[in-house]
Amino acid sequence: MQPIERYLKLFDWYGLNAEDFYRREGIEEKTAQLFEQIAGLMMADNPFNRSLPWQFLHGFRGYKEGEGSSLNLFNDTDRRAFFLSDFLDYLHLKQRGLA
């Protein structure tokens with residue numbers, strides 16, 4: 001399975017789509033778990049991860065590595081949901097060859 005497919009499968013497994021991130025009600029636990037899972041996958045050194053925009057790579061890896069600014073940023077539920085929403089949008093664009 002390709003890395004992009006792994007990321008998209010995680011969003012599917014948690015039952016989250018772009019609209020869910022805007023509602024934000026009742027998804028705090030799911031977004032926290034999903035964020036942890038994606039951050040873990042982001043630690044892999046593979047061509048797909050290296051091709052990601054710096055903001056995603058640095059954000060997820062910084063969080064996973066315990067970087068203070070990333071921890072402070074992503075301990076906020078709304079910011080974590082917004083970041084996941086942006087990442088999902090990017091994955092869909094990448095899948096369609098538009099990013």
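Residues numbered from 1 in each chain as written. Predicted model: local features only at pLDDT ≥ 70, side-chain atom pairs only at ≥ 80, totals over all residues. Heavy atoms only, no water.

## Considerations on the packing of helix 3 (residues 28-42) against helix 7 (residues 77-95)
And then number 1: Across the interface, helix 3 lies against helix 7 with an axial gap of 10 Å and an inter-helix angle of 55°. The angle between helix 3 and helix 7 places the two elements in the oblique class. The way helix 3 lies across helix 7 gives a crossing that is left-handed. Contact residues: helix 3 offers E28, T31, A32, L34, F35, I38 and M42, while helix 7 offers T77, R80, F83, L84 and F87.
And then number 2: Of the residues in the contact of helix 3 with helix 7, the class split is 8 nonpolar, 2 polar and 2 charged. (Axes fitted to C-alpha atoms, helices over the stretch in contact; angles between N-to-C directions. Helix = DSSP H or I, 4+ residues; strand = E, 2+ residues; numbered from the N terminus. Parallel < 35°, antiparallel > 145°, perpendicular 65-115°, else oblique. Left-handed = near helix turned anticlockwise from the far one by under 90°. Contact = heavy atoms within 4.5 Å. Nonpolar A, V, L, I, M, F, W, Y, C, P; charged D, E, K, R; others polar.)

## Some remarks on the nonpolar core
And then number 1: F11, F21, L34, I38, F60 and F87 are the most contacted members of the largest nonpolar core, which has 28 residues in total.
And then number 2: Here this core gets 7 residues from one element, more than from any other, and that element is helix 7.
And then number 3: When residues no more than four places from it in sequence are discounted, the contact partners of L34 are L10, F11, Y14, L16, F21 and L84. (Core = buried A, V, L, I, M, F, W, Y, C linked by side-chain atoms within 4.5 Å. Buried < 20%, exposed > 50% of the residue type's maximum accessible area, 1.4 Å probe, protein only.)

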